[in-house]
2 protein chains.
Amino acid sequence: MEQINLSARQKKILKFIETFLKENGYPPTIREIGEAVDIASTSVVNYNLNKLVEHGLIERAPEVSRGLRLVGQEPLPELPVQYADSKVVTQIPLVGKIAASLPVPQPEDFGYYYDKDDLIEVPQSIVGAVSSTDLFALRVTGDSMIDAMVADGDIVILKRQNIARNGDMVAVWLSERGETTLKKYYLEGNRVRLQPANPMMDPIYVNAEQVNIQGRVLAILRTVH
Amino acid sequence: MEQINLSARQKKILKFIETFLKENGYPPTIREIGEAVDIASTSVVNYNLNKLVEHGLIERAPEVSRGLRLVGQEPLPELPVQYADSKVVTQIPLVGKIAASLPVPQPEDFGYYYDKDDLIEVPQSIVGAVSSTDLFALRVTGDSMIDAMVADGDIVILKRQNIARNGDMVAVWLSERGETTLKKYYLEGNRVRLQPANPMMDPIYVNAEQVNIQGRVLAILRTVH
DNA sequence: TGCGAGATCGCACACTCGTTCGTATTTTGA
DNA sequence: TCAAAATACGAACGAGTGTGCGATCTCGCA
């Protein structure tokens, strides 16, 4: 049995490819990998990717953009829940908070273990058949989402995904404004119309490349005391 | 249900994306699709891909090479989960709708039988130990509750009670105005201050005898789509 | 101290690939 | 039958993207 000896960078790269693929349905580019794991030079990413090929962990198609494939795809660790014969509740990790001034927490920020206190229970009738590993929840802090009809203390239940369909309610990071917001998403040409849920508020328009979709909003939950 | 009507080309494209993805692990480019289905122009492929997006069969990431994803091809739906022994959901009847112009439905209005479709499932962690016979749910219609941060289509989960403590969020019927509203309740002397959940809105003051408490709000649930 | 292999960096070339635009052809509906 | 809408075409632009190369850095080892 060959001993696999990966550097920290190579592990990060592998991990990133895995999550990127799951979220987007297509592999990342060399530059996207570099940005994600803090490598300035594309050639270094290329170098490490070739190392991963040598170890047999990935395959590459030469001269092909996003020409990556994971081999030996390991299943993602499951949430700590029991299976039973009837379906009722999905447990969703409450992984952080969301505010206008904060970017949405990323998976590497919280890893795959969750505090038991930070599990939100949601009836499956609400989240549907979405895989529970794609779900996460954030607590809203501050009143900055008022135009999305979301109050301080509300819990937003999201499906992690980076692209959306028109009309979806999404959590987006606006790079130019340095701002997180919840809006309805409409791609119109090469700009995006972000429409507040509150019908009395006006939409804002942003160039598509400045809109980073963090997840699609499935539900909003407010408990009063 | 909308009838999906695909042209032969669009079917071929969809089929090709599927097999290409399975063989390569990454999606095809527009030109690869064109070559496979005998389309000379990339713009025609682009055109038909957008049609598939309109039908909700694929998703596209703009300006991204191979930025395709099939929808409805998700990995197997997660197995439903549940605690082995304890009961984790309470079923609450959705007995009607609530709007500013309507009084809250009374028990005699809906009796003790409910349509099975009109049962809302709520985790017990949200409603606590409240007897399920005291619980009911209403669907908000219209935008009249915007100042309570409650949108059209939201579901309000209530405990039926006629008195409230200061700070409770309650559904009240204002007899003088002929109006139903959701507010925070504060008894101040012999008048009542009703404070909107939205901190930007001002409270209203009503004589105590004109305030008919219909129930205490336990939670508000909003599902998107 | 000196050496050499592995790892990293910056950069630029050339190909890849989504998008756009003007035009042509086919289909649709009154 | 005619005009509008839908679909198709071809070409070109420009940003996206993999690759190659020389230089620099790190670290173990003699």
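What counts as what
Residues numbered from 1 in each chain as written. Chains lettered and ligands numbered in written order. Predicted model: local features only at pLDDT ≥ 70, side-chain atom pairs only at ≥ 80, totals over all residues. Heavy atoms only, no water. Near = heavy atom within 4 Å. Polar contact = N/O pair within 3.5 Å; in protein donor to acceptor, adjacent residues only side chain to side chain. Helix = DSSP H or I, 4+ residues; strand = E, 2+ residues; numbered from the N terminus. Nonpolar A, V, L, I, M, F, W, Y, C, P; charged D, E, K, R; others polar. Salt bridge = Lys/Arg side-chain N within 4 Å of Asp/Glu carboxyl O. Buried < 20%, exposed > 50% of the residue type's maximum accessible area, 1.4 Å probe, protein only.

## Concerning the protein's contact with DNA strand C
(1) Moving on: As a structural note, the neighbourhood of DNA strand C is formed by 23 residues, with A:Ser41, A:Ser43, A:Tyr47, B:Arg31 and B:Arg66 the closest of them.
(2) Moving on: Among atoms of DNA strand C positioned within 4 Å of the protein, sugar and phosphate together represent 57%.
(3) Moving on: One of the side-chain nitrogen or oxygen atoms of A:Ser41 is found 2.7 Å away from a base nitrogen of DNA strand C.
(4) Moving on: Note that a base nitrogen of DNA strand C is positioned 3.4 Å from one of the side-chain N or O atoms of A:Thr42.
(5) Moving on: Of all the secondary structure elements, the ones that give two or more residues to the surface near DNA strand C are α3 (42–54) of chain A together with α2 (30–36) and α3 (42–54) of chain B.
(6) Moving on: Sort the elements by how many residues they give to the surface near DNA strand C and α3(A) lands first, with six residues.
(7) Moving on: Considered class by class, the residues forming the surface near DNA strand C number seven nonpolar, 10 polar and six charged.

## Side note on the protein's contact with DNA strand D
(1) Moving on: Near DNA strand D you find 24 residues, and of these A:Arg66, B:Ala40, B:Ser41, B:Ser43 and B:Tyr47 are the closest.
(2) Moving on: For the surface near DNA strand D, the secondary structure elements donating two or more residues are α2 (30–36) and α3 of chain A together with α3 of chain B.
(3) Moving on: Looking at the surface near DNA strand D element by element, the count peaks at six residues for α3(B).
(4) Moving on: Per-class residue counts for the surface near DNA strand D are seven nonpolar, 10 polar and seven charged.

## Things to note about the pattern of salt bridges
(1) Moving on: With the rule as written, the count across this model stands at eight salt bridges over all chains.
(2) Moving on: The salt bridge partner of A:Glu188 is A:Arg193, with a shortest N-O separation of 2.2 Å.
(3) Moving on: For B:Glu32, the salt bridge goes to B:Arg66, with nearest N and O atoms at 3.0 Å. Remark: B:Arg66 occurs in the loop between β1 (58–60) and β2 (68–70) and B:Glu32 occurs in helix α2; sequence separation between them is 34 residues.
(4) Moving on: We classify B:Arg66 as buried; its relative accessible area is 6%.

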